Amino acid sequence: MCGATSRPCGPSCTSCSCTQLCWARAKARATAPRSALVASSYTDGPSERTPLLQSPGGPHQDLRVNFVAGAVELHKAAALERLLWRACRGFLIASFREMEQQLEDPVTGEPAPWMTFVISYWGEQIGQKIRKITDCFHCHVFPFAEQEEARRGALQQLQQQSHELREVLGETERFLSQVLGRVQRLLPPWQVQVRKMKAVYLALNQCSVSATHKCLIAEAWCATRDLPTLQQALQDSSSEAGVSAVVHRIPCRDMPPTLIRTTRFTASFQGIVDAYGVGRYQEVNPAPYTIITFPFLFAVMFGDVGHGLLMFLFALAMVLAEDRPSVKKAQNEIWQTFFGGRYLLLLMGLFSVYTGFIYNECFSRATVIFPSGWSVAAMANQSGWSDAFLAEHPLLTLDPNVTGVFLGPYPFGIDPVWSLAVNHLSFLNSFKMKMSVILGVTHMAFGVVLGIFNHVHFGQLHRLPLETLPELVFLLGLFGYLVFLVVYKWLRVSAASAASAPSILIHFINMFLFSRSPTNRPLFPGQEVVQSTLVVLALAMVPILLLGTPLFLSRQHRRHRRRHADQQPDETKTGLLDSPDAGWGSDEEKAGCPGDEEKAEFVLSDVLMHQAIHTIEFCLGCISNTASYLRLWALSLAHAQLSEVLWAMVLNKGLSMSREIGVAAVVLVPIFAAFAVLTVAILLVMEGLSAFLHALRLHWVEFQNKFYSGTGYKLSPFTFNVEDE
């Protein structure tokens, strides 16, 4: 019966999912005798066991049930099932089941879910329809034998093939794992060899082929001390190949590259200089002097024994572990930066400990290493301090003019008694500010003196009286005189006359105004005359700086042109064989000296413009650069105050919170942890980076621009060091 209409199913039934079996059953009942129908109406057993198809030999002996098995993509399964049912009018039984494992898509090659199906039908026409429909849906149809014995044999054969394939795949995987393991061991040497071969071929491609196409000609830069090694290497390699290699030294007009040999210790300092610019060939290299000046200027701004010791120990640990492969091959960029400058950090920490002892600061606390030079007992005995006086005056003043109060200077650094004074900050500010000016003027004057070696080496002796001497007179006449006033006041003014000591700043201002202050007495007799003479002398150096070198070069160029014009008629009378170029056999030997080309391209306006820029930059730079060195004072003050605030607001609070041993132990653990974290994060990292950048600026702008041009380029030798590492 049809489930939808409650009527007997027929061949044209489309109301439900009935199959051909329903129609076969109804047809069998219609052709059976009436007695059988009556019997079947009274008993259910025989009707359930009645076969759907009659036994062979009857009228339906040619009727056979066929099967189609295959796989279809998951999203096509529903449409395939619906089309099969409608096209075959239900004369089939279709079973669909999703596969547990995903199969490879034949088009995209990616894994995709598939649906397996089995279709049972009878009739050749229905089979043809099913095959056409499955082909349209691109189904994978598998052969299905009609005999049970053939199906069992096919199943056994498939199982045997699957077992053999699994064994083959297992052996293949084991073999591939062995091959890949061997390749993994041999891959690093192979990569090194391939990189070396590529580097060799790249170098050979830069060579020129000779006219006979039998040899290569290469022009390369080589250090003079390495020429014997190069010749020996070429002889050794050419003797094995049977071809001789010849090395000739040829003159060249191009500026040679710069080769500066470094070690582990000097590499970081040379990197600081090269970051500003690679020096010209045979120019004075500031790196050796930077090894001392850079850590020292950093330490002036970062002076603290505790902080410097922490930085020194951190750098020392990196230095001691520098040969470990795990430390060298660390991929962290921050770690690589610190590890590359480990020796720089080592000296920075060591110098910071030294300046920390000078400032007498260890985590912002003063230490008493030597006995103090101030005595309170002498002040109390001679001043007659009573209990009432002490009660009314919580702050006491030590007068060094009283006998026995000041016993003498502290042996090294700042006296620890100043940490208890109210004017501690004013005293240190005055000391650090004057110290910054002295260090700055000395550093700049040293840079100007280094320029003398450049002028002498490059044969520019005219620059000594026309540039170096006026620069030294201008710098030392103005700011060197300021340093003299500071030192003279320290040595000449005593504690008794300290209250009426003259102001250096007012004297320096009056020096440029050519005036005097009636309330500010002079430091020494004839001070006004000396100051006026120095200002006039410094101003007189400006036109010498501006016009001296251009006028000298212009005169030298005119003299050279006149000499060349006098020699030209004589050269035209001589023959071709008498010319100097006649005996030269190659173009390389015809290359003249760089001086000829420079003289031919002399332009007075360009030289004047360049010299004007240099003069303005130096004269104004002496003022701004001297003021720029005051950052030593400012950064030192900021570091000391931050350390003081961190001590007072964190650790001192925890120490004064409780006096019981148990409570204090519990409270101090998190407080000390916070103090340590803030010390490392703020004072060591942030303040250290700030002091590092300011020291870098002082070297690049204030020091190196006095003598260092940095317009060269590095020598890039052919080497396998990069590949070997």
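From a predicted model like this one, the values you see are computed outputs, not experimental measurements.

A. Fine view of the state of the cysteines. Enumeration over the complete set of coordinates arrives at zero disulfides. Distance from the sulfur of C139, which forms no disulfide, to the nearest cysteine sulfur (C136) is 9.4 Å. With relative accessibility at 11%, the residue C139 sits in the buried group.

B. Representation of a positive patch on the surface. On the surface, R555, R558, R559, R562 and R563 cluster together into a patch of positive charge. Note that R558 resides in helix α19 (residues 527–573).

C. Focus on the UniProt feature "transmembrane region" (unreviewed entry) in the chain. The UniProt entry lists residues 296–321, 341–359, 437–456, 468–488, 495–514, 534–553 and 661–686 under the feature "transmembrane region" (unreviewed entry), expressed in the numbering used here. Overall, residues 468–488 shows 100% helix and 0% strand. The separation of its end C-alpha atoms is 27 Å. The span residues 534–553 carries 100% helix and 0% strand; its end-to-end C-alpha distance comes to 29 Å.

D. Inspection of the environment of M444 at higher detail. One can find M444 in helix α16 (residues 424–457). Separated by 262 residues in sequence, M444 and K706 place their C-alpha atoms 7.3 Å apart. If we ignore the near neighbours within four places in the chain, the residues touching M444 are L475, C622, N625, T626, Y629, E702 and K706.

E. Examining the side chain of K489 more closely. Within the secondary structure layout, K489 lies in helix α17 (residues 463–492). No salt bridge is formed by the buried K489, whose closest oppositely charged neighbour, D399, lies at an N-O distance of 16 Å. Polar contacts involving the side chain of K489 include one to the main-chain carbonyl oxygen of P502, which spans 2.9 Å. When near neighbours in sequence (up to four residues on either side) are disregarded, K489 contacts A501, P502 and I504.

F. Structural context of a nonpolar patch on the surface. Where nonpolar side chains cluster on the molecular surface, the patch consists of M197, V200, Y201, L204, V209, L216 and F718 and spans about 670 Å² of accessible area. By residue number, the principal contributor to the nonpolar patch is helix α6 (residues 148–205), which donates four residues. Relative to the assigned elements, M197 resides in helix α6.

G. Up close: unusual backbone geometry. The phi torsion at F363 lies on the positive side, around 55°, for a residue other than glycine. Classification of F363 by relative accessible area gives partly exposed; the value is 24%. Of note in the backbone geometry, F514 takes a positive phi value of approximately 55° without being a glycine. You can see F514 is positioned in the loop between α18 (504–513) and α19. Here F514 falls in the partly exposed class, since its relative accessible area comes to 46%.

H. Seen up close, the packing of α16 against α17. Taken N-terminus to C-terminus, the directions of α16 and α17 make an angle of 160°; their axes are 10 Å apart at the nearest point. As the angle between them shows, α16 and α17 are arranged roughly antiparallel. Considering only the axes of α16 and α17, their crossing is left-handed. Of the residues that constitute the contact of α16 with α17, the class distribution is 19 nonpolar, three polar and four charged.

I. Looking closely at the packing of helix α8 (residues 267–276) against helix α13 (residues 342–359). For the pair α8 and α13, the least separation of the axes is 7 Å and the interaxial angle reads 95°. Taken as axis vectors, α8 and α13 run roughly perpendicular relative to one another. Contacts from S268, F269 and I272 in α8 reach Y343, L344 and L347 in α13. Looking at the contact of α8 with α13 residue by residue, the class counts come to five nonpolar, one polar and no charged.

J. Structural detail: the pattern of salt bridges. Overall, the coordinates contain eleven salt bridges when judged by the stated rule. The residue R516 makes a salt bridge to E528 at a minimum N-O spacing of 3.0 Å. Of this pair, R516 sits in the loop between α18 and α19 while E528 sits in helix α19, placing them twelve residues apart in sequence. By relative accessible area, which is 38% here, E528 ends up partly exposed. Among the ionic pairs, E702 bridges to R697, the shortest N-O distance being 2.3 Å. Among the charged side chains, a network of salt bridges with common partners joins R264, E322, D323 and R342.

K. Local environment of the side chain of N520. By secondary structure assignment, the location of N520 is in the loop between α18 and α19. We classify N520 as buried; its relative accessible area is 9%. There is a polar contact of 3.2 Å between the side chain of N520 and the side chain of H507.

L. Region of the structure containing α16. For α16, which comprises 34 residues, the first-to-last C-alpha distance of 50 Å matches the rise-based estimate of 50 Å (1.5 Å per residue) to within 8%. Residue G459 follows α16 closely and has a positive phi angle near 75°.

Cut-offs applied
- Residues numbered from 1 in each chain as written.
- Predicted model: local features only at pLDDT ≥ 70, side-chain atom pairs only at ≥ 80, totals over all residues.
- Heavy atoms only, no water.
- Disulfide = S-S within 2.5 Å.
- Buried < 20%, exposed > 50% of the residue type's maximum accessible area, 1.4 Å probe, protein only.
- Patch = residues over 30% accessible without salt bridge, like charges linked within 9 Å, V, L, I, M, F, W, Y side chains within 5 Å.
- Areas by Shrake-Rupley, 256 points an atom, 1.4 Å probe, with all protein chains shown as cover.
- Salt bridge = Lys/Arg side-chain N within 4 Å of Asp/Glu carboxyl O.
- Lys, Arg positive; Asp, Glu negative; His and termini not counted.
- Charge placed at Lys NZ, Arg CZ, Asp CG, Glu CD.
- Helix = DSSP H or I, 4+ residues; strand = E, 2+ residues; numbered from the N terminus.
- UniProt positions renumbered as here; feature names shortened; annotations may be inferred.
- Contact = heavy atoms within 4.5 Å.
- Polar contact = N/O pair within 3.5 Å; in protein donor to acceptor, adjacent residues only side chain to side chain.
- Axes fitted to C-alpha atoms, helices over the stretch in contact; angles between N-to-C directions.
- Parallel < 35°, antiparallel > 145°, perpendicular 65-115°, else oblique.
- Left-handed = near helix turned anticlockwise from the far one by under 90°.
- Nonpolar A, V, L, I, M, F, W, Y, C, P; charged D, E, K, R; others polar.
- Expected span 1.5 Å × (residues − 1).

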